[in-house]
There are 2 protein chains.
Amino acid sequence: MTDLPPRWRRRKDARPAEIVAAALDAFAERGFAATRLEDVAARAGISKGTLYLYFPSKEELFKAVVRQTLLPNLAEAERRLATSDMPTPEMLSEIVGALVAAAAGRMGVIPKLLIAEAGNFPDLARFYAEEVVARGMRLFARVIQRGIARGEFRAVDAVRAAPALAAPILLMALWKNALEPHAVHPIDPAGFFAAFIDIVLHGLAAETGRKG
Amino acid sequence: MTDLPPRWRRRKDARPAEIVAAALDAFAERGFAATRLEDVAARAGISKGTLYLYFPSKEELFKAVVRQTLLPNLAEAERRLATSDMPTPEMLSEIVGALVAAAAGRMGVIPKLLIAEAGNFPDLARFYAEEVVARGMRLFARVIQRGIARGEFRAVDAVRAAPALAAPILLMALWKNALEPHAVHPIDPAGFFAAFIDIVLHGLAAETGRKG
DNA sequence: GCGATAACTTACCGGCCAGTCAGTAAGTGA
DNA sequence: TCACTTACTGACTGGCCGGTAAGTTATCGC
């Protein structure tokens, strides 16, 4: 008679990742404070009580979302940093291009969340500032240095120029994940990146006999 | 005997501006959702009830904060756009420099608030996207066009390059108003801007007999 | 099958805070 | 100085939501 499918299943292993994914979606839409844990639970196909079996509080869930979304991209960036003999302009273009693309996607909501909640989660803000932003800046500075050392770039101040490479990533992350859904005029990520990298590479290029 | 100062004074004219200023501070620290109207009232030196005499709801107060903080800067930007015969590189440097400086100051919290709350205030988000972002992009595109027309810049795609000029403004606004308070490594706004504008101006400069 | 276990649900609690309103006292003007 | 207006106060409330715990049911070992 009652061979209906069970009302729920035990899936202890899969839950945490599903909850984190659901929470990322929910936070992306409404922000941390405004999303109800009941909504997160519903998106994950569970009840609120179950959520508390896996995460002790809303705050800890938030931290898990940030860490788990960020770490794969951090690892990927590190991997890319691995030695490569390609010319520095191409290398720079590849690294920044990959990050701009990632920022235009799902990962881009993380900066948005962190910026919004920095005041309420100082430890997370410091983690992000040091482990992500500062690390990224060092990476960019090293790439520029490499170009200078190899005679491909002018002798600019690499440390001060590094944020200029981070800026388009941030712009793309926030535009795609906050304003564009409400805007009339879209930005084409590929076109924007092409124009940006064109200017930067021309701007950094070693001079070959011009005014100076 | 009781010549104490009065417990409060009637200051109908001054209240709204004071409340908006207090709210901007409070929102800047904790974000919109997490700030209590009682805190805003205390900062403004009034009671919560008084606040409701001037603003019908927390949402309307938020909108007033955004509009009143933004409009003076918009007007200033428009004014700067006014005809000027200086060379385009200098003009570009002045316009972007002024905006980067403004972003590093008080006005910078507005992008932060809007980005965080875009999902919850679609009309504000659209207003900002169209009236501020899109307008700024058009301004930058026009400046680049001007440089090209006068033979000072290479023939780049002005519309696609425009966001590259907006990016450092955004970076500065969010860095100063969200992450820097929790970070160890500061960014020097002037140094950053100098490096950025150096690269961009070199990158846009008309070619004078080099490889191509 | 048949407990035993633990993954999951549901109903509930308590604190917090936006928003209200009756009352109070600063100002006004005659 | 006194009657009147109104800017302002502050105690209160109603609903919302993070968090909890008692109860229910899938699953697994025997």
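Everything numeric in this text was worked out from a predicted model, so none of it was measured.

What counts and what doesn't
Residues numbered from 1 in each chain as written. Chains lettered and ligands numbered in written order. Predicted model: local features only at pLDDT ≥ 70, side-chain atom pairs only at ≥ 80, totals over all residues. Heavy atoms only, no water. Near = heavy atom within 4 Å. Polar contact = N/O pair within 3.5 Å; in protein donor to acceptor, adjacent residues only side chain to side chain. Helix = DSSP H or I, 4+ residues; strand = E, 2+ residues; numbered from the N terminus. Salt bridge = Lys/Arg side-chain N within 4 Å of Asp/Glu carboxyl O. Buried < 20%, exposed > 50% of the residue type's maximum accessible area, 1.4 Å probe, protein only. Axes fitted to C-alpha atoms, helices over the stretch in contact; angles between N-to-C directions. Parallel < 35°, antiparallel > 145°, perpendicular 65-115°, else oblique. Contact = heavy atoms within 4.5 Å. Nonpolar A, V, L, I, M, F, W, Y, C, P; charged D, E, K, R; others polar. Buried area = accessible area lost by both parts, 1.4 Å probe. Least-squares fit on C-alpha atoms with pLDDT ≥ 70 in both. Phe/Tyr/Trp six-rings, centres within 6.5 Å; stacked < 30°, edge-to-face > 60°. pLDDT = per-residue confidence, 0-100. Core = buried A, V, L, I, M, F, W, Y, C linked by side-chain atoms within 4.5 Å.

Engineer: Account for the protein's contact with DNA strand D, naming residues and giving values.
Structural biologist: For DNA strand D, the set of nearby residues contains 25 residues, the closest of which are Lys-48 and Tyr-52 of chain A together with Arg-10, Thr-50 and Tyr-54 of chain B. Take the atoms of DNA strand D that sit within 4 Å of the protein: sugar and phosphate atoms are 64% of them. A distance of 3.3 Å separates a base nitrogen of DNA strand D from a polar atom in the side chain of Arg-10 of chain A. When residues of the surface near DNA strand D are traced back to their parent elements, those giving at least two are helix 3 (48–54) of chain A together with helix 3 (48–54) of chain B. In terms of residue count, helix 3 of chain B provides more of the surface near DNA strand D than any other element does, four residues in total.

Engineer: Go over the pattern of salt bridges with me, naming the residues and quoting the values.
Structural biologist: Enumeration over the complete set of coordinates arrives at 27 salt bridges over all chains. Put simply, Lys-63 of chain B and Asp-123 of chain B hold a salt bridge, and the shortest N to O gap is 3.0 Å. Note that Lys-63 of chain B is positioned in helix 4 (residues 58–81) and Asp-123 of chain B in helix 7 (residues 122–149), a separation of 60 residues in sequence. We classify Asp-123 of chain B as partly exposed; its relative accessible area is 41%. A salt bridge links Glu-152 of chain B to Arg-150 of chain B, with the nearest nitrogen and oxygen atoms 3.3 Å apart. Here the salt bridges do not stand alone but share partners, grouping Arg-11, Arg-15 and Glu-18 of chain A into one network.

Engineer: Talk me through the protein's contact with DNA strand C; I want residue IDs and the actual numbers.
Structural biologist: Taken together, 25 residues surround DNA strand C, and among them Arg-10, Arg-11, Thr-50 and Tyr-54 of chain A together with Arg-10 of chain B come closest. Contacts to DNA strand C include Leu-37 of chain B, whose backbone N or O atom sits 3.0 Å from a phosphate oxygen. Lys-48 of chain B has a polar side-chain atom sitting 2.7 Å from a base oxygen of DNA strand C. Secondary-structure elements contributing two or more residues to the surface near DNA strand C are helix 3 of chain A together with helix 3 of chain B. Sort the elements by how many residues they give to the surface near DNA strand C and helix 3 of chain A lands first, with four residues.

Engineer: If you had to explain the packing of helix 1 (residues 15–30) of chain A against helix 4 (residues 58–81) of chain A to someone new, which residues and values would you point to?
Structural biologist: Residue and element names in this part refer to chain A. Across the interface, helix 1 lies against helix 4 with an axial gap of 9 Å and an inter-helix angle of 95 degrees. Taken as axis vectors, helix 1 and helix 4 run roughly perpendicular relative to one another. In contact with Ile-19, Val-20, Ala-23, Leu-24 and Phe-27 of helix 1, helix 4 contributes Leu-61, Phe-62, Ala-64, Val-65, Gln-68 and Thr-69. Residues of the contact of helix 1 with helix 4, tallied by class, amount to nine nonpolar, two polar and no charged.

Engineer: Describe the interface of chain A and chain B, naming the residues involved and giving the relevant values.
Structural biologist: Taken together, the 55 residues of chain A in the interface contact 55 residues of chain B. The contact between chain A and chain B buries some 4,600 Å² in all, and 69% of this surface belongs to carbon and sulfur atoms. Our enumeration of links across chain A and chain B arrives at four salt bridges. Measuring nitrogen to oxygen at the nearest pair gives 3.4 Å for the salt bridge that ties Arg-160 of chain A to Asp-188 of chain B. If you list the elements that add at least two residues to the side of chain A that touches chain B, you get helix 1, helix 6 (109–117), helix 7 (122–149), helix 8 (158–179) and helix 9 (189–204) of chain A. The element best represented in the side of chain A that touches chain B is helix 8 of chain A, accounting for twelve residues. In terms of residue class, the side of chain A that touches chain B is built from 34 nonpolar, nine polar and twelve charged.

Engineer: I'd like a description of the relation of the copies chain A and chain B, backed by residues and values.
Structural biologist: Taken as rigid bodies, chain A and chain B are interconverted by a rotation of 180 degrees and an axial shift of 0.0 Å, the fit giving an RMSD of 0.1 Å. Here the transformation between the copies is reduced to the relation of a two-fold axis. When each C-alpha of chain A is compared by its distance to the rotation axis, Gly-203 of chain A comes out closest, at 1.7 Å. Both copies present the same face, since 100% of the interface residues in chain A are matched by interface residues at the equivalent positions in chain B.

Engineer: Let's hear about the packing of aromatic side chains: which residues, and what values?
Structural biologist: Considering all chains together, one arrives at twelve aromatic pairs over all chains under this definition. Here Phe-32 of chain A and Phe-62 of chain A contribute two aromatic rings whose centre-to-centre distance is 4.8 Å and whose plane-to-plane angle is 45 degrees, an arrangement assigned as tilted. Of this pair, Phe-32 of chain A sits in the loop between helix 1 and helix 2 (37–43) while Phe-62 of chain A sits in helix 4; the two residues are 30 residues apart in sequence, bridging distant segments of the chain. With a relative accessible area of 9%, Phe-32 of chain A lands in the buried category. Taken together, a centroid distance of 5.8 Å and an interplanar angle of 70 degrees make the contact between Phe-27 of chain B and Phe-62 of chain B edge-to-face. Taken together, the positions of Phe-27 of chain B in helix 1 (residues 15–30) and Phe-62 of chain B in helix 4 put the pair 35 residues apart, joining distant regions of the chain. The two residues Phe-27 of chain B and Phe-62 of chain B agree in class, both being buried.

Engineer: So what's going on with the confidence of the model for chain A? Residues and values would help.
Structural biologist: For chain A, the mean per-residue pLDDT works out to 92, and 96% of the residues sit at or above 70. When pLDDT is averaged over each helix and strand of chain A, the minimum, 89, is found for helix 4 of chain A and the maximum, 98, for helix 2 of chain A.

Engineer: Give me the lowdown on the side chain of Thr-88 of chain B, citing residues and values where you can.
Structural biologist: Residue and element names in this part refer to chain B. With respect to the helices, strands and loops of the structure, Thr-88 is situated in helix 5 (residues 88–104). For Thr-88, a relative accessible area of 0% gives the class buried. Reaching out from Thr-88, the side chain makes a polar contact with the side chain of Glu-152 at a distance of 2.4 Å. Apart from residues no more than four positions distant in its own chain, Thr-88 is found in contact with Val-143, Arg-146, Gly-147, Arg-150, Glu-152 and Phe-153.

Engineer: Give a description of the nonpolar core that names residues and reports values.
Structural biologist: Counting residues in hydrophobic clusters, the biggest one holds 152 residues, and the most contacted among them are Val-40, Leu-51 and Leu-61 of chain A together with Val-40, Leu-51 and Leu-61 of chain B. Each residue touching Leu-61 of chain A, except ones within four places of it in the same chain, is listed here: Ile-19, Ala-23, Leu-37, Val-40, Leu-51 and Phe-55 of chain A.

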